[in-house]
Amino acid sequence: MLKIQKFVCNMIQENCYVVSDDTLECVIIDCGAFYPDERAAIVDYIRQNNLLPKHLLATHGHIDHNFGNNTIYELFGLKPEVYAEDEYLMTELPVQAEAIAGVRLDYAMPPVGKYLQSDDVIRFGTHELTVLPTPGHSKGSVFFYCQAEHVAFSGDTLFYHSIGRTDFEGGSMFQMIQSLRMISQLPDDTIIYPGHGEETTIGAELAGNPYMDR
């Protein structure tokens, strides 16, 4: 069974998740830790629970979801894995930091370790996460979906009764609508862990999210 620990990070209140199972292998999703105490909290959780990080995953290439990649790389040797369509965003993380968050990075970001493709499978422990492309917020936005446990990490595609912005570079409302139609086909009890805000389910979003339509 998956154990999911959430950390709310940086000035934009982004959600980072450490996801593990009984084998103690884990993945880190959207490490947006910016402040030293946020970075320490994630590292301490991993070490205190004797977890073995296997993948550093990003649901998309925006800086608020990647601020802490250097800490994970330096301490655990993991490079970020992100969907190929967001390669251009990953090369512009320092520029994004100034434009979006008003900060100048005084550290280097690690290079991308792998550019993911549609339906790639990320394995750790006894679990698998499937890469589901969900363009709209960015060209390379994805869901990481665990079919066995009906759990999905939605990044900034789907929030509780809302969706991510489509007015950033590479965003598209048309693509967002197509993505929402696709993910609406997931089981109603699928728990959604979003990039910001509280958890929800596909069923709750079909019932209460004005952007969702089965």
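Our subject in this report is the structure included herewith. (Residues numbered from 1 in each chain as written. Predicted model: local features only at pLDDT ≥ 70, side-chain atom pairs only at ≥ 80, totals over all residues. Heavy atoms only, no water.)

Our next topic: the overall build of the chain. Regarding its fold elements, the chain presents six helices and 14 strands. Relative to its length of 214 residues, the chain is compact, with a C-alpha radius of gyration of 16 Å against a globular reference of 17 Å. Taking the principal axes of the C-alpha coordinates as reference, the chain spans close to 45 × 40 × 30 Å. For the chain, the proportion of its 214 residues judged to be buried stands at 53%. For the chain, long-range pairs separated by at least 24 residues make up 64% of all intrachain contacts whose partners lie at least 6 apart in sequence. (Helix = DSSP H or I, 4+ residues; strand = E, 2+ residues; numbered from the N terminus. Rg over C-alpha atoms; globule rule 2.2 N^0.38 Å. Buried < 20%, exposed > 50% of the residue type's maximum accessible area, 1.4 Å probe, protein only. Contact = heavy atoms within 4.5 Å.)

Of the voids in this model, the largest pocket is the one considered here, and its volume is about 180 Å³. Across the lining of the largest pocket, the residue classes tally to four nonpolar, four polar and three charged. (1 Å grid on protein atoms, 1.4 Å probe; cavity = no way out; pocket = protein on both sides within 12 Å on 5 of 7 lines; lining within 4 Å. Points joined across faces, edges and corners; volume = space filled by probe spheres on them. Nonpolar A, V, L, I, M, F, W, Y, C, P; charged D, E, K, R; others polar.)

Okay, helix 4 (residues 93-101) next. Listing the buried residues of helix 4 in full gives Leu-93, Gln-96, Ala-97 and Ala-101. For helix 4, the angular spread of the buried residues around the axis is 105°, confining them to a single face. Residues of helix 4 that are exposed and point over 90 degrees away from its buried face: Val-95 and Ala-99. For helix 4, the secondary structure elements touched by its buried residues are helix 3 (87-90). Taken from the residues just after helix 4, Gly-102 is the one with a positive phi, measuring 70°. (Arc of directions from axis to C-beta.)

As a working rule, side chains carrying opposite charge can pair if their charged atoms are close by. In this structure the tally under the stated criterion is four salt bridges. Residue Arg-123 is joined to Glu-128 by a salt bridge in which the shortest nitrogen-to-oxygen separation is 3.2 Å. Arg-123 sits in the exposed class, given a relative accessible area of 52%. Note on Glu-128: relative accessible area 42%, which makes it partly exposed. (Salt bridge = Lys/Arg side-chain N within 4 Å of Asp/Glu carboxyl O.)

As a further point, take the sheet that holds strand 5 (residues 80-83). Spatially, six strands are ordered 1-2-3-4-5-6 in an open sheet, and the strand pairing comes out mixed. The strands lining the two open edges of the sheet, one partner per strand, are strand 1 (3-9) and strand 6 (114-116). Averaged over all pairs of adjacent strands, the angle between their axes in this sheet comes to 25°, without regard to strand direction. Together, strand 1, strand 2 (14-20), strand 3 (25-29) and strand 4 (52-57) form the strand contacts of helix 1 (residues 36-48), whose direction differs from that of strand 1 by roughly 165°. (Pairing = 2+ DSSP bridges. Axes fitted to C-alpha atoms, helices over the stretch in contact; angles between N-to-C directions.)

What follows covers the nonpolar core. Residues Val-19, Val-27, Ile-29, Ile-122, Leu-129, Phe-144 and Phe-153 are the most contacted members of the largest nonpolar core, which totals 18 residues. Elements supplying a minimum of two residues to this core: strand 2, strand 3, strand 7 (121-124), strand 8 (127-133), strand 9 (142-146) and strand 10 (151-155). At three residues, strand 9 tops the list of elements feeding residues into this core. Once residues lying within four places of it in the same chain are set aside, the contact partners of Leu-129 are Val-27, Ile-29, Leu-57, Asp-120, Val-121, Ile-122, Phe-124, Phe-144, Tyr-145 and Cys-146. Grouped together as the second largest cluster of nonpolar side chains are 15 residues, Cys-16, Val-18, Ile-42 and Tyr-45 included. (Core = buried A, V, L, I, M, F, W, Y, C linked by side-chain atoms within 4.5 Å.)

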